[in-house]
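# Secondary and tertiary structure notes
Here's the letter readout for the chains.
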Amino acid sequence: MNDEEKMKKDELEKQYSPSRWSHRMAADDVIKAHVKAVKEGTERARSLTQTLLDVPYGEGDGEKLDVYLPRTSSLDVNLVIYIHGGYWQFLSKDESGFMAVPLIDKGVVVVAVGYDIAPKGNMDLMVSQVRRSVVSVVQQYSHIKGLYLCGHSAGAHLTAMVLSTDWSQYSVTPQIKGAFLVSGIYDLLPILPTYVNEPLKMTEEVAIRNSPSKLVPQLKLSSSGCQIVVAAAENDSPEFRRQSEEYYEALKAAGLNVTLEDVANADHFSIIEQLVDEEYFLTKLLLKMIGNS
Ligand SMILES: N[C@@H](CC(=O)c1ccccc1NC=O)C(=O)O
């Protein structure tokens, strides 16, 4: 690698290091604080609500999900599936129920899905797992009024892949009414040469077939009735913000029902942590989407 290539790689790695763009704390501290926030939020949700933990959705060890139930659960409830982030290599469903409380208070069922992060899982497997988890939820809760998805960071990527699924290979076709894509990555090619890909070991072929940016025509076929919110944080890196803007533009150009939300005073982590708060902008937007459709 010559000096110029080294500089390009360093800059790319900085752009794809969300913690280095927070205005709140140093990089290491913001990650520690994020893990603490989602853990404590999940513990709180579990102490306040009835849960069904480790419900299998497939044969694999990692193919389990957690259900957070409202106190009074009628048959025609709305249900939100949350797909956690962590660069496809950190976090799990076990600390991903933190956003359940404000939703449950409004009678919404919340499901946090688990998937096999790298190095155990690879990109094709993770995408297949989240797709199968959605199918399993639809089969289990066939009576629900509306199905919504929410994903953060790598989880927003996986959520976009769910929306871009050719369901003819599956036993049901989920009708997804709305999706929240929060600080996601939709084109995987730029991360190939970075540290992010070290445990993932994606080839170019794998990155292309798992890039939602390349699957907009399939999303249009499968999810034309889905209301989509693409959200990015004011203090996400320029490259993360570009990913959201370009995906939003591509969906809009395809005629989809999509909005772009630029969340002020938020960074890559606080944009999702704040979903514990019923007064937070994105919490209210999610509840409004659920209430109106
Ligand atoms: N190297 C990454 C690490 C990262 O993204 C991350 C680490 C732990 C838990 C979650 C993470 N990211 C997104 O949810 C960063 O700089 O933020």
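Residues numbered from 1 in each chain as written. Predicted model: local features only at pLDDT ≥ 70, side-chain atom pairs only at ≥ 80, totals over all residues. Heavy atoms only, no water.

### Notes on the sheet that holds strand β6 (residues 176–182)
- Judged by pairing direction, the sheet is mixed, and its eight strands sit side by side in the order β1-β2-β4-β3-β5-β6-β7-β8 without closing on themselves. The sheet is open, and its two edges are formed by β1 (50–56) and β8 (257–267), each paired on a single side. Looking at each pair of strands side by side, their axes are set apart by 20° on average, direction ignored.
- Bridge count for strand β5 (residues 146–152) against β6 is six bridges, and the pairing is parallel. Following the sheet pairing, histidine 152 is matched in β6 by valine 182.
- Across the sheet, helix α2 (residues 27–48) lies against β1, β2 (64–69), β5 and β8, angled at about 60° from β2, the strand it touches most.
- Helix α4 (residues 123–140) contacts β1, β2, β3 (78–83), β4 (109–113) and β5 of the sheet and is inclined by roughly 160° relative to β3. (Pairing = 2+ DSSP bridges. Helix = DSSP H or I, 4+ residues; strand = E, 2+ residues; numbered from the N terminus. Axes fitted to C-alpha atoms, helices over the stretch in contact; angles between N-to-C directions. Contact = heavy atoms within 4.5 Å.)

### Section: the UniProt feature "domain: Alpha/beta hydrolase fold-3" (unreviewed entry) in the chain
- Per the UniProt record, the feature "domain: Alpha/beta hydrolase fold-3" (unreviewed entry) sits at residues 80–268.
- Helix makes up 35% of residues 80–268 and strand 23%, whereas the separation of the span's terminal C-alpha atoms amounts to 21 Å. (UniProt positions renumbered as here; feature names shortened; annotations may be inferred.)

### Quick look at the site of the ligand
- Taken together, 14 residues form the shell around the ligand, and within it Ser17, Pro18, Ser19, Gly86 and Tyr195 come nearest.
- A distance of 2.7 Å separates an oxygen atom of the ligand from a polar atom in the side chain of serine 19.
- For the ligand, an oxygen atom lies 3.3 Å from a polar atom in the backbone of glycine 86.
- In isolation the ligand has 400 Å² of accessible area, and contact with the protein removes 92% of it.
- Partitioned by chemical class, the residues of the shell around the ligand number seven nonpolar, seven polar and no charged. (Near = heavy atom within 4 Å. Polar contact = N/O pair within 3.5 Å; in protein donor to acceptor, adjacent residues only side chain to side chain. Areas by Shrake-Rupley, 256 points an atom, 1.4 Å probe, with all protein chains shown as cover. Nonpolar A, V, L, I, M, F, W, Y, C, P; charged D, E, K, R; others polar.)

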